[in-house]
Structures are given as structure tokens and as C-alpha cells.
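Spelled out, the chains give:
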Amino acid sequence: MAPRPSERQRRTASTSTISLFILVICTVFYFAHAWLTWPTRHAARTAAHLQSDSGIEYTTTVSAATLTSPPPPSFPSPPPPSPPPVSREVPQVPTCQPASFKRHVEYDGVVVQAGGDGGVVAQSEVECCERCLDSKACNVWVWNMESGGEGACWLKFSEHPKRPSLRAEGAHVPWASGTLAKGFWDPGAPLPVVNTSLGHVLLRTSEGDIRLRLKEDWHLPSVNTVRRLAAPGLPPGSCRQCEFYRVEYGFLVQGVLRGVLPVNKETGCDPAPQCQPGPRVMQRGDVGWAGGGPGPDFFIYLGKRPADWLKRDHTVWAEVADDDSLALCDRIVSLPSHTPGGPNTMRFLQKRLEIEVVAT
Ligand SMILES: *[C@@H]1O[C@H](CO)[C@@H](O)[C@H](O)[C@H]1NC(C)=O
């Protein structure tokens, strides 16, 4: 008569049965998963192969991740992650997704930086897209695929990067294009609330801050436009083209404050067609829209005497608030500059000086 298995033997036997069972289940799940995901992995491999055949180097996170990540151990595979919640307060920073690039397509847009000789060149679509990502004003890029390496990379801006207009399309078009959802304001979205108690803003630059006292009694619509540019919680890059670009010794520093929000459309004259928009003859440190218009180009008057020859032609909406800020304006005027149009023409900064409008 066989001896009855001891308690210990029985326990060991049942443990091995359970282990074997788990091993079988895991093996089945592994192969089932591998079989189910083979088409995806095969497609990624094929795509990577085609791309390298075309001589273009890709550093796509998408295909790299698909190729190298081990199959997840669970079955069935988890549902695709739901898109992150879209919030106006914490907007998503767009990224360069090669799957969204359009080849043999040339998108239209306002040129932010020209491509090609003397302009922007890039080794690949991804690099051109990244140049656009780094440029505050760019949300459309166009790259020349047929230049063999250093392809012209045009950085552009569109009011509607989700629906850019086309310049050309078809097999003969040597351009690849893409867009980045940044630097625009959804026309359906409500405007940020104007903080009517905001009395000062800083024009923040890499050279320092210029503090402005906003003069709402001089021109309220202009002041509110600038207050909106300083609203906290605007998406990154909202002041998409805010920079100083022109300097004239003893006269002015001029720039542009073009944000993603609708620009100011009123001068101190509205609605009269013929009048003087300015509240006073400009004095040193007065800030107004340039060219007698409603902006977004503006200047800070830096002459010692009141600018009586300008009459009251400019809508003036702020004044430089302190001496340090005025001294900084003078320093900006002495940054390297040139007159590309020849002697006695407008003087421009060699390098545009970016501005961020900050509430203070
Ligand atoms: C509005 O501006 C004032 C003055 O700078 C500031 O104290 C206040 O916190 C601002 N309010 C909001 C809602 O940002």
C-alpha cells in the first residue's frame, strides 16, 4: 500500500500545479498579444525601412517607441489613452508629430523667417518643424524635400493653423509642410477678462524690464489691449510677435506688440475721420502707437524736448514709469543697429529684442 503523501508533499504538489498553470496562462497571453499586434509592428518596421530608403533621417519618437517597447504583458490590450483634458488655463504645448506632416504640399502664411540661402535651412522635416516650435511667431513651416540635405525651411504664421491655406499641392511640389497649434486665438473662445485695476505693465526683455504706467484716461481701448496681453493664464507664446526692432538716437525706440488676441482697432480719433488722436504733444518717455495708427506697432519717444513737430498725431496710452526704465530705453537705442536702406534711412536693431508683457 502506497504511503499517503505527507501534508508537506501535498502542499508542494499543489504549489507546482499553480505555478505551471500561471506559466501556461502567461505564455498563451504573450503569443496572443504578439500575434494581435504583429500588423502594427510590421507596419512600423516597413515605414522605418521606407523612410531610410528615401535618404531622410527620422528621429521619430512614434516609430522608435513602437519598435523597441516590449509587448505589454496583459491581455486584452488596454484601450488607447483618452486625450488629455483641454484647458484654456494650462494649454498643451504642441509637438512635432511626423504623422501630421504633409509631403508634396506647400502651406501659405505670413513669412516670419525666410528659408534658404541667408535664411533658415534644416536637415529634415522634423528639424524644420522644431525651428518653428522654437520661434514664437511661427505656426506653419514649409521645408524643401528635394535639396539633398540642407533644405530651405520657411517659418510662417497663419491666423488659422488648424485650417492653413494652400499655395500648391501635388506630386510636382517639392515642399513638405506642417502646422503647430500655437500662436493663435480660437475665434470662438471668450477673450480674457480685462483687469481694469492694472495700472502698470513691464515690457520684459533680455536687457531688463521697462516699467510703463498705463494711461487709461488718455486712451482706454489701447490700454485694455495691453492689459489683455499681460493677462495671466494666456497660452505660451501669446505675445507671438512682441519685440523692439527700430532705434533712432535721441528720438525713439520702436517695436510691435502683436499678440494672439484681436488687435486694437481704435485710435484716439475714432470715430472722427479727421482729428488729432493724441492727448498731448509727446514728451520723453511717452508711449504711443506708431504711424498715427491703432497699433500693434508702437514707439517710446526719447527726445529731450517735447515732440512738437509730431503734433498730436499719435494715440498715446502710457508713459515710462521711472528713470531706470528710461535709462534702459536709451541703452537699447545704443545696441548694435544698422540702416539697411542706406544712409539717412530707418535704423534697425541688428537683432530684434523680444518683449514679454508682464502685469505688475
Ligand atoms: C489686477 O491687477 C491688480 C493690480 O496689479 C492686482 O493686484 C490684481 O491681483 C489683478 N487681478 C487679477 C484678477 O489678476
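Residues numbered from 1 in each chain as written. Predicted model: local features only at pLDDT ≥ 70, side-chain atom pairs only at ≥ 80, totals over all residues. Heavy atoms only, no water.

S.K.: Can you explain the packing of aromatic side chains? Please cite residues and give values.
M.R.: Under the counting rule described, the total for this entry stands at eight aromatic pairs. Both rings, one in Y245 and one in F348, keep their centres 6.4 Å apart while their planes meet at 20°; by these two values the pair is stacked. A residue pair is termed long-range when its members are at least 10 positions apart, and Y245 in strand β11 (residues 241-248) and F348 in strand β17 (residues 348-354) qualify at 103 residues. Classification of Y245 as buried rests on a relative accessible area of 11%. Take F348: its relative accessible area is 24%, and that puts it in the partly exposed class. Taken together, the ring pairs connect F244, W289, F298 and W317 into an aromatic cluster. (Phe/Tyr/Trp six-rings, centres within 6.5 Å; stacked < 30°, edge-to-face > 60°. Helix = DSSP H or I, 4+ residues; strand = E, 2+ residues; numbered from the N terminus. Buried < 20%, exposed > 50% of the residue type's maximum accessible area, 1.4 Å probe, protein only.)

S.K.: Provide a residue-level description of the environment of G151, including the pertinent values.
M.R.: Checked against the element boundaries, G151 lands in strand β6 (residues 151-157). Owing to a relative accessible area of 0%, G151 belongs among the buried residues under this scheme. Placed 23 residues apart in sequence, G151 and C128 show a C-alpha to C-alpha distance of 8.8 Å. Here G151 is in contact with V120, V121, A122, W143 and N144, once residues within four sequence places are set aside. (Contact = heavy atoms within 4.5 Å.)

S.K.: So what's going on with the pattern of salt bridges? Which residues, and what values?
M.R.: Side chains bearing opposite charge may pair, as long as their charged atoms lie close to each other. A full pass over the atoms with the stated rule returns 14 salt bridges. Its salt-bridge partner being R103, residue E125 comes within 2.8 Å of it at the nearest N-O pair. With a gap of 22 residues between them, E125 in helix α3 (residues 125-134) and R103 in strand β1 (residues 102-103) connect regions that are remote in the sequence. Judged by relative accessible area, which is 1%, E125 ranks as buried. By relative accessible area, which is 36% here, R103 ends up partly exposed. (Salt bridge = Lys/Arg side-chain N within 4 Å of Asp/Glu carboxyl O.)

S.K.: Break down the nonpolar core for me, with residues and values.
M.R.: Ranked by size, the top nonpolar core spans 33 residues in total, and within it I210, F244, F298, I300, W317 and V357 carry the most contacts. In terms of residue count, helix α5 (residues 323-333) provides more of this core than any other element does, five residues in total. (Core = buried A, V, L, I, M, F, W, Y, C linked by side-chain atoms within 4.5 Å.)

S.K.: So what about α5? Which residues, and what values?
M.R.: Those residues of α5 not exposed but buried are S325, L326, L328, C329, I332 and V333. The buried residues of α5 occupy an angular sector of 155° when the element is viewed end-on, so they sit on one face. Away from its buried face, by an angle of more than 90 degrees, α5 presents the exposed residues D323 and D324. Where α5 is buried, its residues touch β10 (208-214), β11, β12 (252-258), β14 (297-301), β15 (316-320) and β17. (Arc of directions from axis to C-beta.)

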